[in-house]
Amino acid sequence: MNGGDEVVAAPAGPPQPLDWKFSQVFGERTAGEEVQEVDIISAIEFDKTGDHLATGDRGGRVVLFERTDTKDHGVPRRDLERIDYPISRHPEFRYKTEFQSHEPEFDYLKSLEIEEKINKIRWCQTANGALFLLSTNDKTIKFWKVQEKKVKKISDMNLDPSKAVGNGSIASSSNSCSPKPCVANGGSPDRSYNYLGNDFSFPPGGIASLRLPVVTSLETNLMARCRRVYAHAHDYHINSISNNSDGETFISADDLRINLWNLEISNQSFNIVDVKPANMEDLTEVITSAEFHPTHCNMLAYSSSKGSIRLIDLRQSALCDSHTKLFEEPEAPGSRSFFTEIIASISDIKFAKDGRYILSRDYMTLKLWDINMDSGPVATFQVHEYLRPRLCDLYENDSIFDKFECCLSGDGLRVATGSYSNLFRVFGCAPGSTEATTLEASKNPMRRQVQTPSRPSRSLSSITRVVRRGAEAPGVDANGNSFDFTTKLLHLAWHPTENSIACAAANSLYMYYA
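Notes on the structure follow. Bear in mind the structure is a predicted one, so any value in this text is a computation, not a measurement.

## A word on the sheet that holds strand S1 (residues 21-26)
Next, step 1: Taken together, the four strands give an open sheet; going across it, the order is S1-S33-S32-S31, and neighbouring strands pair in antiparallel fashion. What marks the edges here is a single partner per strand, and that holds for S1 and strand S31 (492-494). Pairs of neighbouring strands in the sheet enclose a mean axial angle of 20°, with direction left out of account.
Next, step 2: Bridge analysis of S1 against strand S33 (residues 508-513) gives five bridges, and the strand direction is antiparallel. For Phe22, the partnering residue across the bridge sits in S33 and is Tyr512.

What follows is the structure, given as structure tokens:
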């Protein structure tokens, strides 16, 4: 600064597109191997630290993975400090344990079969080295504690191997033909055999053959224990569970209601949202997803099948029938068709880490919403616009009802979601970014990458920024090949602190880093 002149730094441009690389795969299928229905992954979730990853499958199992690349594997710190070259590490996980979370059940009152498929997994706060998580199927939520337990074994028994016989009894030279005289209650008139006498004393050197058994801990095993079961609170299928930032409560949502639970109390919940009309014929929309605000324990958002997101404040009333804010995009005039309402249904919502933005996924697009601006989304990303001419086919084979999940990076600069043919897409949402990457869930994620021109962002004002990107030429899919509706990538999760994505392709878990 000279003579009052201020040096103004040039504004930094948008971050460069990430170069994604394959990290590892669990449960990779061999060519021609048939996938078992029970092995298909149905839920993925990183914990807050990113050191643990949980997956749930249609067979009701929960599998846990732990990160290994952050550990030094016994290398002394002094030796690590001598290494003067950078170590190019990327997140590496290994299998930790698995347990059967849910079993198939049958509701005899409603003649309804309840499948064991895990719908959602959410990590809870750790305590005393133990991991805690919630898992749910369509009807029942369970609270699990996973902890290392030492396996205790009794060794050094008071047995003399030289005197042991086949049946485990002790052979003794006292087995003579002349029985010793006995009195009632097992006593003996011979004082030498009455060890319980008051005048008995241990010899100076002790009794050599008398040894106390010793309990030893030889190994540790991971044990998963169900601490609580939250049941009989939902008439309809549970689609979401979400932990509160207070660490004490969580919500569960089905098609028509959202319930608030305390982690410590399993026999009571409070109904905080109820959209069920008095006459079910008047039902026009259902709840599709719900999530707590990451830092404000009194706020939560839920989405609907009509494409709207409602923000509610638990401080307003016990039953939050009225919303604090409503986020929905007005329908463009003349664009309505038979499929408009179906593809507008939101399948997943996620809060950004700071709680300022909400990411939503409907069938065709990703939308980013600013919770301070309810006039419309600040950015819209076309996920697979080339499918629009084929909506009739997708309706015929029920693919149009597939529920794709979405996720945000920890820094809030990028968003990701899945598509068909085991593809997933990563978009940059920073101002001015044109990043729109298509990746395949395989060992070569860029194998089917094509360069598609992205529409430039249209800056409306300094407050409102609307971006529409990723729209490819109609009739051509993202990789120029025929489209496969049977292989769909529904579930994926972004590491909370690094650019690393875990995604599920049928029964395989793929991990990528950039």
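## Some points on the packing of aromatic side chains
Next, step 1: Within the structure shown, the criterion is met by 23 aromatic pairs.
Next, step 2: Ring centres of Phe338 and Phe339 lie 5.1 Å apart, and the angle between their planes is 80°; this geometry places the pair in the edge-to-face category.
Next, step 3: Taking the relative accessible area as the measure of exposure, Phe338 reaches 56% and is therefore exposed.
Next, step 4: Taken together, the ring pairs in this structure connect Phe22, Phe424, Tyr510 and Tyr512 into an aromatic cluster.

## Observations regarding empty space enclosed by the protein
Next, step 1: Scanning all chains against the criterion turns up one cavity of 30 Å³ or more.
Next, step 2: What lines the largest cavity is simply Lys120, Arg122, Asn239, Ser240, Ile241, Ser242, Ser289, Ala290, Glu291, Asp348 and Ile349.
Next, step 3: Contributions of two or more residues to the lining of the largest cavity are made by strand S8 (120-123), strand S12 (240-243), strand S16 (287-292) and strand S20 (348-351).

## Some words on the pattern of salt bridges
Next, step 1: One pass over the structure, following the stated rule, counts 27 salt bridges.
Next, step 2: With a closest N to O distance of 2.7 Å, Glu66 and Arg94 form a salt bridge. One end of the pair, Glu66, is in strand S4 (residues 61-67); the other, Arg94, is in strand S5 (residues 93-100), with 28 residues separating them in the sequence.
Next, step 3: Under the relative-accessibility criterion, Glu66 is labelled buried at 11%.
Next, step 4: Here Arg94 falls in the partly exposed class, since its relative accessible area comes to 42%.
Next, step 5: Here Arg228 and Glu264 are joined by a salt bridge, their closest N and O atoms 2.8 Å apart. Taken as a pair, Arg228 in strand S11 (residues 214-230) and Glu264 in the loop between strand S14 (257-262) and strand S15 (265-274) lie far apart in primary sequence, 36 residues in all.
Next, step 6: Of the residues examined, Arg228 reaches a relative accessible area of 17% and is grouped as buried.
Next, step 7: Assessed through its relative accessible area of 54%, Glu264 is described here as exposed.

## Let's talk about unusual backbone geometry
Next, step 1: Unlike most non-glycine residues, Ser111 shows phi in positive territory, near 50°.
Next, step 2: You can see Ser111 is positioned in the loop between strand S6 (105-107) and strand S7 (112-114).
Next, step 3: Judged by its relative accessible area of 57%, Ser111 falls in the exposed class.
Next, step 4: With phi around 55°, Asn422 is a residue other than glycine that occupies positive phi space.
Next, step 5: Of note, Asn422 is situated in the loop between strand S25 (414-418) and strand S26 (423-428).

## A short note on the nonpolar core
Next, step 1: Formed by 17 residues in total, the largest nonpolar core has its most connected members in Trp20, Phe424, Val426, Leu492, Ile501 and Cys503.
Next, step 2: Of all the elements in the fold, those that place two or more residues in this core are S26, S31, strand S32 (500-505) and S33.
Next, step 3: In terms of residues, this core owes the most to one element, S32, which gives three residues.
Next, step 4: The contacts of Cys503, once residues within four sequence positions are left out, are Ile44, Phe424, Ala441, Leu489, His491, Leu492, Ser508, Leu509, Tyr510 and Tyr512.
Next, step 5: Core analysis: the second largest hydrophobic core is formed by 15 residues, Leu368, Cys406, Val415 and Phe427 among them.

## Let's talk about the environment of Glu103
Next, step 1: Its place among the elements puts Glu103 in the loop between S5 and S6.
Next, step 2: In this structure Glu103 comes out as partly exposed when scored by relative accessible area, which is 48%.
Next, step 3: Considered as a pair, Glu103 and Gly60 are 43 residues apart in the sequence and their alpha carbons are 6.2 Å apart.
Next, step 4: With near-sequence residues (within four places) excluded, Glu103 lies in contact with Ile114 and Glu116.

## Section: the environment of Leu394
Next, step 1: Inspection of the secondary structure assignment puts Leu394 in helix H3 (residues 391-396).
Next, step 2: Judged by relative accessible area, which is 0%, Leu394 ranks as buried.
Next, step 3: In this structure, the C-alpha to C-alpha distance between Leu394 and Phe485, residues 91 residues apart in sequence, is 8.2 Å.
Next, step 4: Those residues in contact with Leu394, other than ones at most four positions away along the chain, are Tyr363, Leu387, Ser399, Ile400, Tyr420 and Phe485.

## A short note on the side chain of Ser500
Next, step 1: Among the structural elements, Ser500 can be located in strand S32.
Next, step 2: Within the structure, the side chain of Ser500 is placed 3.2 Å from the backbone oxygen of Tyr512, a separation counted as a polar contact.
Next, step 3: Each residue touching Ser500, except ones within four places of it in the same chain, is listed here: Trp20, Pro91, Ala493, Trp494, His495, Tyr512 and Tyr513.

## A word on the environment of Leu133
Next, step 1: Its location among the elements puts Leu133 in strand S9 (residues 131-136).
Next, step 2: Among the residues examined, Leu133 registers a relative accessible area of 0% and is labelled buried.
Next, step 3: When the C-alpha atoms of Leu133 and Arg122 are compared, they prove to be 5.7 Å apart, with eleven residues separating the residues in sequence.
Next, step 4: Among residues more than four places away in sequence, those in contact with Leu133 are Leu64, Phe99, Arg122, Trp123, Cys124, Lys142, Phe143 and Trp144.

## Some thoughts on the pairing of strand S10 (residues 141-155)
Next, step 1: Examined bridge by bridge, S9 and S10 share six bridges and lie antiparallel to one another. Residue Thr136 lies in a different strand from S10, and its bridge partner there is Ile141.
Next, step 2: The turn joining S9 and S10, which pair antiparallel and follow one another in sequence, is formed by four residues.
Next, step 3: Note that S10 and S11 share 15 bridges and pair antiparallel. Within the sheet, the bridge partner assigned to Lys145 lies in S11 and is Arg225.

## Here's the deal with the sheet that holds strand S3 (residues 52-57)
Next, step 1: With antiparallel pairing, four strands are arranged side by side in an open sheet as S2-S3-S4-S5. At either end of the open sheet lies a strand with only one pairing partner, and these are strand S2 (41-46) and S5. For this sheet, the mean angle separating the axes of adjacent strands, direction not counted, is 20°.
Next, step 2: One ladder, built from five bridges, connects S2 with S3; its direction is antiparallel. Residue Phe46 lies in a different strand from S3, and its bridge partner there is Leu53.

The rules behind these values
Residues numbered from 1 in each chain as written. Predicted model: local features only at pLDDT ≥ 70, side-chain atom pairs only at ≥ 80, totals over all residues. Heavy atoms only, no water. Pairing = 2+ DSSP bridges. Helix = DSSP H or I, 4+ residues; strand = E, 2+ residues; numbered from the N terminus. Axes fitted to C-alpha atoms, helices over the stretch in contact; angles between N-to-C directions. Phe/Tyr/Trp six-rings, centres within 6.5 Å; stacked < 30°, edge-to-face > 60°. Buried < 20%, exposed > 50% of the residue type's maximum accessible area, 1.4 Å probe, protein only. 1 Å grid on protein atoms, 1.4 Å probe; cavity = no way out; pocket = protein on both sides within 12 Å on 5 of 7 lines; lining within 4 Å. Points joined across faces, edges and corners; volume = space filled by probe spheres on them. Salt bridge = Lys/Arg side-chain N within 4 Å of Asp/Glu carboxyl O. Core = buried A, V, L, I, M, F, W, Y, C linked by side-chain atoms within 4.5 Å. Contact = heavy atoms within 4.5 Å. Polar contact = N/O pair within 3.5 Å; in protein donor to acceptor, adjacent residues only side chain to side chain.

Geometry only, nothing functional implied.
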